[in-house]
Amino acid sequence: MSRTRAHVFVSGRVQGVYYRATTRERAQKRGVDGWVRNLDDGRVEAVFEGPEDDVDAMVEFCHEGSDRANVTDVAVEYGEPEGIDGFEVRW
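Since the structure is predicted, the reported quantities are computational estimates derived from the model, not experimental observations. (Residues numbered from 1 in each chain as written. Predicted model: local features only at pLDDT ≥ 70, side-chain atom pairs only at ≥ 80, totals over all residues. Heavy atoms only, no water.)

1. Considering the overall build of the protein
Counting its regular elements, the protein contains two helices and five strands. In sequence order, the protein lays out its α and β elements as β-α-β-β-α-β-β. For a compact globule of 91 residues, the expected C-alpha radius of gyration is about 12 Å, and the protein comes in at 12 Å, within 12% of that figure. The principal-axis extents of the C-alpha atoms in the protein amount to approximately 35 × 20 × 20 Å. Among the 91 residues that make up the protein, the fraction classed as buried is 44%. In the protein, the share of contacts with a sequence separation of at least 24, taken over all contacts with a separation of at least 6, comes to 78%. Just so you have it, the protein exposes about 5300 Å², and 40% of that area is on carbon and sulfur atoms. Within the protein, the 19 negative side-chain charges are centred at a point lying 7 Å from the centre of the 12 positive side-chain charges. (Helix = DSSP H or I, 4+ residues; strand = E, 2+ residues; numbered from the N terminus. Rg over C-alpha atoms; globule rule 2.2 N^0.38 Å. Buried < 20%, exposed > 50% of the residue type's maximum accessible area, 1.4 Å probe, protein only. Contact = heavy atoms within 4.5 Å. Areas by Shrake-Rupley, 256 points an atom, 1.4 Å probe, with all protein chains shown as cover. Lys, Arg positive; Asp, Glu negative; His and termini not counted. Charge placed at Lys NZ, Arg CZ, Asp CG, Glu CD.)

Right, here's the structure in full:
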């Protein structure tokens, strides 16, 4: 199966609302590798690597996020996977 990589920046009320934890749970359930972290400017940044359908599903999830999130924008760039193994919340 073909693997892809998505680098995502999510804007809105996405910090302090369990966005990162929910993203990690979703990615692990789908078997998607990568990471997620808060940025100083209030956005969340994430990288997803895995089968194209699963990565696309994670990008779609980013438009909603956790129950308490209010997403206003999602910017995504696709590229070649870098071989990340596992999924983590970065600090």
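2. Considering the pattern of salt bridges
Scanning the model with the defined rule gives seven salt bridges in all. When the shortest N-O distance is used, the salt bridge between Arg-43 and Asp-41 registers 2.8 Å. Overall, Asp-41 belongs to the exposed group, its relative accessible area being 51%. It is possible to trace a salt-bridge network through shared partners that takes in Arg-5, Glu-49 and Glu-82. (Salt bridge = Lys/Arg side-chain N within 4 Å of Asp/Glu carboxyl O.)

3. Some thoughts on helix α1 (residues 19–30)
Under the 1.5 Å per step criterion, the end-to-end length of α1 is 17 Å for twelve residues, consistent within 8% with the ideal 16 Å. What α1 keeps buried is the set Tyr-19, Arg-20, Thr-22, Thr-23 and Ala-27. Viewed along the axis of α1, the buried residues span an arc of 160°, placing them on a single side of the element. At the C-terminal side of α1, Gly-31 shows a positive phi close to 75°. (Expected span 1.5 Å × (residues − 1). Arc of directions from axis to C-beta.)

4. Notes on the side chain of Arg-5
You can see Arg-5 is positioned in strand β1 (residues 3–13). For Arg-5, a relative accessible area of 12% puts it in the buried group. Side chain to side chain, Arg-5 and Glu-49 meet in a polar contact 2.6 Å long. Among all residues touching Arg-5, those that are not within four sequence positions of it are Val-47, Phe-48, Glu-49, Glu-77, Tyr-78, Gly-79, Glu-80, Pro-81, Glu-82 and Ile-84. (Polar contact = N/O pair within 3.5 Å; in protein donor to acceptor, adjacent residues only side chain to side chain.)

5. Description of the packing of α1 against helix α2 (residues 52–62)
The N-to-C vectors of α1 and α2 enclose an angle of 160°; their axes lie 10 Å apart at closest approach. Judged on the interaxial angle alone, α2 and α1 are roughly antiparallel. Like other packed secondary-structure pairs, α1 and α2 cross with a definite hand, here right-handed. Seen from α1, the contacting residues are Tyr-19, Thr-22, Thr-23, Arg-26, Ala-27 and Arg-30; seen from α2, they are Asp-53, Asp-54, Ala-57, Met-58, Phe-61 and Cys-62. Tallied by class, residues from the contact of α1 with α2 come to six nonpolar, two polar and four charged. (Axes fitted to C-alpha atoms, helices over the stretch in contact; angles between N-to-C directions. Parallel < 35°, antiparallel > 145°, perpendicular 65-115°, else oblique. Left-handed = near helix turned anticlockwise from the far one by under 90°. Nonpolar A, V, L, I, M, F, W, Y, C, P; charged D, E, K, R; others polar.)

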